[in-house]
Amino acid sequence: MTGYRFGPHLISESQIFFKSNLTIGIVNLKPIAPSTLEDVHVLVIPKRNTPRLADLDNDETVDLMLSAQKIGNAVEQHYGCSSLTMTIQDGPQAGQTVPHVHMHIIPRKAGDWTNNDDVYQELDKKKQGVDNEDRTPRTEREMSAEASELRTYFNLD
Ligand code: AMP
């Protein structure tokens, strides 16, 4: 196990596919996915456990965005997509459920969701009172397999 946390959650080293000085990229425990793609929802988080974007210092903020740019390029290529949804739910009233800054990155392609913005409905199910517990958590093995594939884009040991 590693020392990294995501809010209250301890993140296993096998979930991590990207590391910079101040940021990590992790695969999602409960990814949202349209019917045409699977498991295409990763998270970019600062190494320091802090809830709000405004809590980050300048170096952390720049590093988070540069990391998101690299990770976005990799997942778009990996999943054969042509666009990206990149979003931060910054605070509980915006739908944030884990009190640790995180950017969702979801590679997109034509027709993945019937209505393009349904991706936000999916992300926000919990806030709407729809229990997103219906998304079964992935196993360690499933997350590890996806992280191994994505790691190849970043020369991560
Ligand atoms: P939000 O609702 O914007 O706070 O998003 C929280 C995200 O964290 C959701 O996509 C969850 O599926 C994801 N998540 C929660 N716990 C973990 C975990 N232990 N490892 C990876 N992702 C997680």
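Throughout what follows, the structure given in this document is the object of discussion. Quick caveat, the model's predicted, so the values are computed rather than measured. Residues take numbers from 1 onward in each chain, read along the sequence in its written order. Where totals are concerned, whole chains, interfaces and linings use all residues; where local detail is concerned, this predicted model gives features only for residues with pLDDT of at least 70, and gives and counts side-chain atom pairs only at 80 or more. Computation of side-chain values: all heavy atoms of the structure, hydrogens and water removed.

Helix length check: helix 1 (residues 58-78) (21 residues) gives 30 Å between terminal C-alpha atoms against 30 Å at 1.5 Å per residue, within 8%. Throughout, exposure labels follow a simple rule: accessible area from a 1.4 Å probe, protein chains only, divided by the maximum for the residue type, with under 20% read as buried, over 50% as exposed, and the rest as partly exposed. Comment: elements are numbered from the N terminus, with helices defined as DSSP H or I runs of at least four residues and strands as E runs of at least two. Among the residues making up helix 1, those that are buried are Glu60, Asp63, Leu64, Ser67, Ala68, Ile71, Gly72, Ala74 and Val75. In the core, the buried residues of helix 1 are packed alongside strand 3 (16-19), strand 4 (23-27), strand 5 (42-46), strand 6 (83-87), strand 7 (103-108) and helix 3 (140-151). The definition of a polar contact used here is a pair of N or O atoms within 3.5 Å, where within protein one atom must be able to donate a hydrogen and the other to accept one, and adjacent residues in sequence count solely through side-chain atom pairs. The opening residue of helix 1 is Asp57, an N-cap whose side-chain oxygen sits 3.1 Å from the backbone nitrogen of Asp59. Remark: Gly80 follows helix 1 within two positions and exhibits a positive phi of approximately 60°. To estimate how far a helix should extend, the number of its residues minus one is multiplied by 1.5 Å. Between two residues, a contact is recorded if the distance between any of their heavy atoms is within 4.5 Å.

Here we come to the sheet that holds strand 6. In any sheet, the strands associate via hydrogen bonds between backbone groups, in a parallel or an antiparallel arrangement. Here a strand pair is declared whenever DSSP counts at least two bridges between the two strands. Strand order in the open sheet formed by five strands is 3-4-5-7-6, and the pairing between neighbours is antiparallel. Across the chains shown, the open sheet's two edge strands, defined by having one partner strand only, are strand 3 and strand 6. Put simply, the sheet's adjacent strands are angled 20° from each other on average, direction ignored. Strand direction decides the pairing type here: strand 4 and strand 5, joined by five bridges, are antiparallel. The residue of strand 5 that forms the bridge with Gly25 is Val44. Fitted lines through C-alpha atoms serve as axes, helices being fitted only where they are in contact, and the angles separating the N-to-C directions of these axes extend from 0 to 180 degrees. Its contacts with the sheet put helix 3 on strand 3, strand 4 and strand 5, and the angle it makes with strand 3 is roughly 35°.

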